[in-house]
Amino acid sequence: MKDIILDEEQLVKWRHALHAIPEIAFQEQKTAQFVEQKLRSFGVKVYPRMAGTGVIASLSCGNSGHSIALRADLDALPIVEKSHKEYCSTHQGVMHACGHDGHTTMLLGAAQYLAEHQDFDGTVYFIFQPAEENEGGGRKLVEEGLFKQYSIDEIYGMHNWPGLEVGQFSIRSGAVMAAYDVFDITIHGKGGHAAAPHNTVDPIVTAAAVINALQSISSRQLNPLDSLVVSITRVHAGDSYNVIPQTAQLSGTVRSLCHQVQDETIEQLKQIVHSSCEAYGAKAEIKYQKRYPCTINTELETQHAYQAALDIVGEDNILCDAPPSMGSEDFSFLLNESRGCYISIGNGETASLHNPEYDFNDEILTLGVKYWVRLTQMQLAKKG
Ligand SMILES: [Zn+2]
Ligand SMILES: [Zn+2]
């Protein structure tokens, strides 16, 4: 296949322009306008926005009915940037600390190249989704009918990864990121004088038993070959030296790598909390919320992603056995609806994601664009 020649200087300019105007979940107005304006200037078809600030666009060539979707994320984080770079955030207290400015730039670069060269047969959708961080912009796109309005055969995502070398990709099938659930537990006891515990039902002692018992889900109930984290991250009870309070509050998170473990853990958690409370004469109220599902790559699309990366960086620079991350990613909502693959691209030895000193590595912009272009050319290959 033909070499992909890109204007690197222009990509860097776009990335810096986006970096300077970071916007948090569902507020990506300036960012979305930047993206739409560029896409229109390339001659790419831009559709009405979805999920508030999400930009959906497409480019068709030839007459094949086959389609693929490429996704980038638009949002930034509520972090004060620590940087003296000339393109640092101009929005006080908001920062592109996860590299979504780079992801957006790479997808724009691919749209521009594909629009200029028209060397594929089919339709490629460009999805610039809002609110990847915490707010589930991916779920909103699904709820608003992304896959009903547009005929998407397969979907691909990419995230930069600090610590993975520049010039390397990490690609694997199956689970790559964990499901993310949260819970709040209120333990109702009976308050009273701390000198007369026998007249109370102590919610603090009960909470201590609950906290310990919950650790037995991953250590005793789960198959040791599966992965699960149950963490209590907040404990609130009482406000005096000599009063046993009425209630205690616990909050926490559950991370798992398959749908079955996620569902079983919910039942086990409820049972342990209720039975521990019962043993102490207390009652529990549990609010459990499934936030993000597991991100699970399908086998065939993972091979397609691998082939595209192979053409760009060669076999020695593709890691196929990196362990999955217990972090989560809302591309999972899109992968629940469609076949597809989510990969990592090395960001080199930079500060970690969500750190105030993090920055997307401009050296990898052209690599990311080339991956998107090659993937499109291969999946929507011209016949003959
Ligand atoms: Zn992030
Ligand atoms: Zn991110």
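Residues numbered from 1 in each chain as written. Chains lettered and ligands numbered in written order. Predicted model: local features only at pLDDT ≥ 70, side-chain atom pairs only at ≥ 80, totals over all residues.

Things to note about the overall build of the protein
Then, number 1: A count of helical and extended segments in the protein gives ten helices and 16 strands.
Then, number 2: Projected onto its principal axes, the C-alpha coordinates of the protein cover approximately 85 × 45 × 40 Å.
Then, number 3: Burial analysis of the protein (384 residues in total) assigns 45% to the buried set.
Then, number 4: Sequence-distant contacts, at least 24 apart, represent 80% of the contacts inside the protein between residues at least 6 apart. (Helix = DSSP H or I, 4+ residues; strand = E, 2+ residues; numbered from the N terminus. Buried ≥ 20, exposed ≤ 12 C-beta atoms within 10 Å, placed from the backbone. Contact = placed C-beta atoms within 7 Å.)

Quick word on the pairing of strand β5 (residues 154-162)
Taken residue by residue, a regular strand's side chains alternate between the two faces of the sheet.
Then, number 1: With respect to burial, β5 is a largely interior element, seven of its nine residues being buried.
Then, number 2: Of the strand pairs in this sheet, strand β3 (residues 67-73) and β5 are connected by four bridges, and their pairing is parallel. Each residue of the ladder has a partner; that of L70, found in β5, is Y156.
Then, number 3: Note: β5 against strand β16 (residues 339-348), nine bridges, orientation parallel. Along β16, the bridge assignment pairs W161 with G346. (Pairing = 2+ DSSP bridges.)

Overview of the domain arrangement of the protein
Then, number 1: Domain boundaries in the protein define domain 1 (8-177 + 294-379) and domain 2 (179-292).
Then, number 2: Using C-alpha coordinates to define each centre, domain 1 is positioned 38 Å away from domain 2.
Then, number 3: Facing the nine residues of domain 1 at the interface are nine residues of domain 2.
Then, number 4: Looking at the side of domain 1 that touches domain 2, its residues break down into four nonpolar, three polar and two charged. (Domains from an automatic or database assignment. Nonpolar A, V, L, I, M, F, W, Y, C, P; charged D, E, K, R; others polar.)

Focus: the sheet that holds strand β10 (residues 228-237)
For sheets, the rule is that strands pair by backbone hydrogen bonds, running either parallel or antiparallel.
Then, number 1: As summarised here, the arrangement of the four strands in space is β10-β12-β8-β13, forming an open sheet in which the pairing is antiparallel. Pairing within the sheet leaves two strands with one partner each, and these edge strands are β10 and β13 (283-292). Across this sheet, the average inter-strand angle for adjacent strands is 15°, counted without regard to direction.
Then, number 2: Inspection of the sheet shows β10 paired to strand β12 (residues 247-256) by nine bridges, in the antiparallel sense. Residue V235 lies in a different strand from β12, and its bridge partner there is L250. (Axes fitted to C-alpha atoms, helices over the stretch in contact; angles between N-to-C directions.)

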